[in-house]
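A look at the structure
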Amino acid sequence: MTSVKEIHVDREPREGELGAGTFYFTDDYSVFDWGQMPDRIPEKGAALCTMGAANFELLDVNHIPTHYRGVYETSDSGEGEPKELGECASPPRTMAIELARVPDLPTDGEAYDYEAFHAAAGDGYVVPLEIVFRNTVPEGSSLRRRRSPAEFDLPYETWPDEVVDLPEPIVEFSTKFEEQDRYLSRTEAEAIAGQASLDRLEELALGVNTVVTMRAEQTGFTHEDGKIEVVYDDGTLKVADVVGTFDENRFSYQGQELSKEVVRQYYRRTDPDWVDAVSAAKAEAREQGVADWRSLCEESPDPLPAEVIEVVSDVYTAGTNTYTDFDWFDAPALDEVVEAVEEL
């Protein structure tokens, strides 16, 4: 179980062969790495599964390898052969996938032992990196805290209070299985990637970014940034987890953020004590070398008001309808959703 989806194993991966299983997408959500939040967002899981399946099938058309095997409709039991999204009469919640090994990542309290991880990984494993691609630098982007505009040949001394378009997409690497994600230098990422070539990981991320960006432009969205996770399968790199959804990627529509960022920004405005406590707990955990930063957090998130939950649900469902160009959900027009988000 992750914070937003359940993983079911049909066949365990073994040496020389990936396994098989499914993702079941729940209506849970997570922001600021908190894990499961106090509310659920109706239809969020089905929207993410539908949008993710649409993107995986776009990647397949563009000859980009993935671990995707199809979907099961909401009414299906998850047994039998999975379907292509176009064969479904209702939005799916269950996605069939290939499974790879995720060995334990030991730590002595100060450093993670990636040599032990890769010794147990063999030739089929989830690469212990997240590969992040960026087309723009929105106001909430972590890039603003870590790097200056001059590094990208931008004509600013400091980051302006507006979305900044990058001259070219950039790729960054961060950890995946550590208790707190951290961005890495290229040298650090190479040491962590194992048999997976960093150049090929970067090329794969840029290919995914191109496909999602083109689809976004076709349907009226701006694709700002996103990430991929990758399976190394005996020399082949396959896009894994889920890709190009409102949880994994940041999109805007008519200048308005329409992704999980809506919820992040709402909490920043309405529950700043919790947001500040999360930041403080993460910083303290880094200083103390403590893995579980949540044990140091003195605040918990407030539940979302019912009217906010309804708007956020519409972001996922109306956004998926628009992105896929198909009315999977009984949702308002996306223009109306944008207006509602602006009023939160």
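On a predicted model such as this, the values are computed, not experimentally measured, just so you know.

Here we take up the overall build of the protein chain. Along its length, the protein chain carries 9 helices and 12 strands. Taken against the 2.2 N^0.38 rule, which gives 20 Å for 344 residues, the C-alpha radius of gyration of the protein chain at 20 Å falls within 12% of a compact globule. Overall, the C-alpha framework of the protein chain stretches about 50 × 50 × 40 Å when taken along its three principal axes. Across the 344 residues that make up the protein chain, the buried fraction comes to 53%. Within the protein chain, counting contacts between residues at least 6 apart in sequence, those at least 24 apart form 66% of the total. Of the side-chain charges in the protein chain, 29 are positive and 74 negative, and the distance between the mean point of each set is 3 Å.

Moving on: the state of the cysteines. The final tally for this structure, using the stated rule, is 0 disulfides. Not engaged in a disulfide, the cysteine Cys 88 finds its nearest cysteine sulfur in Cys 49; these two sulfurs lie 8.3 Å apart.

With that out of the way, let us pick up the packing of aromatic side chains. A complete count under the given rule lists 20 aromatic pairs for this structure. Taken together, a centroid distance of 5.5 Å and an interplanar angle of 85 degrees make the contact between Trp 34 and Trp 274 edge-to-face. Placement of the pair is Trp 34 in the loop between β2 (19-25) and α1 (44-61) and Trp 274 in helix α7 (residues 272-288), with a sequence separation of 240 residues. Trp 274 shares its class with Trp 34; the two are buried. Site record: aromatic cluster; members linked through ring pairs are Phe 32, Trp 34, Tyr 266, Tyr 267, Trp 274 and Trp 293.

Moving on, we come to the pattern of salt bridges. Per the stated rule, a full pass over the model turns up 26 salt bridges. The residue Arg 146 makes a salt bridge to Glu 172 at a minimum N-O spacing of 2.9 Å. Placement of Arg 146 in helix α3 (residues 143-146) and of Glu 172 in strand β7 (residues 164-175) is noted, with a sequence separation of 26 residues between them. For Glu 172, a relative accessible area of 7% gives the class buried. Taken together, the shared-partner salt bridges in this structure form one network comprising Arg 134, Arg 146, Arg 147, Glu 151, Glu 172, Asp 225, Arg 250, Glu 261, Arg 264 and Arg 268.

Quick look at the environment of Asp 181 now. Among the structural elements, Asp 181 can be located in the loop between β7 and β8 (183-184). We classify Asp 181 as partly exposed; its relative accessible area is 38%. Distance in space between the C-alpha atoms of Asp 181 and Glu 130 is 9.1 Å, their sequence separation being 51 residues. Not counting residues up to four positions away in its chain, the partners in contact with Asp 181 are Asp 33, Glu 130, Thr 175 and Lys 176.

Next up on the list: the environment of Ala 116. Along the polypeptide, Ala 116 turns up in helix α2 (residues 114-121). Along the primary structure Ala 116 and Tyr 232 are separated by 116 residues, whereas in three dimensions their C-alpha atoms are 17 Å apart.

A few words on the pairing of strand β11 (residues 250-253). By the alternation rule, side chains of β11 split into Arg 250 and Ser 252 and Phe 251 and Tyr 253, which are all buried. One ladder, built from 4 bridges, connects strand β9 (residues 221-233) with β11; its direction is antiparallel. The partner of Asp 225 across the bridge, within β11, is Arg 250. Linkage of β11 to strand β12 (residues 256-257), two consecutive antiparallel strands, is achieved through a turn of 2 residues, within which Gln 254 is found at a positive phi near 55 degrees.

Calculation rules
Residues numbered from 1 in each chain as written. Predicted model: local features only at pLDDT ≥ 70, side-chain atom pairs only at ≥ 80, totals over all residues. Heavy atoms only, no water. Helix = DSSP H or I, 4+ residues; strand = E, 2+ residues; numbered from the N terminus. Rg over C-alpha atoms; globule rule 2.2 N^0.38 Å. Buried < 20%, exposed > 50% of the residue type's maximum accessible area, 1.4 Å probe, protein only. Contact = heavy atoms within 4.5 Å. Lys, Arg positive; Asp, Glu negative; His and termini not counted. Charge placed at Lys NZ, Arg CZ, Asp CG, Glu CD. Disulfide = S-S within 2.5 Å. Phe/Tyr/Trp six-rings, centres within 6.5 Å; stacked < 30°, edge-to-face > 60°. Salt bridge = Lys/Arg side-chain N within 4 Å of Asp/Glu carboxyl O. Pairing = 2+ DSSP bridges.

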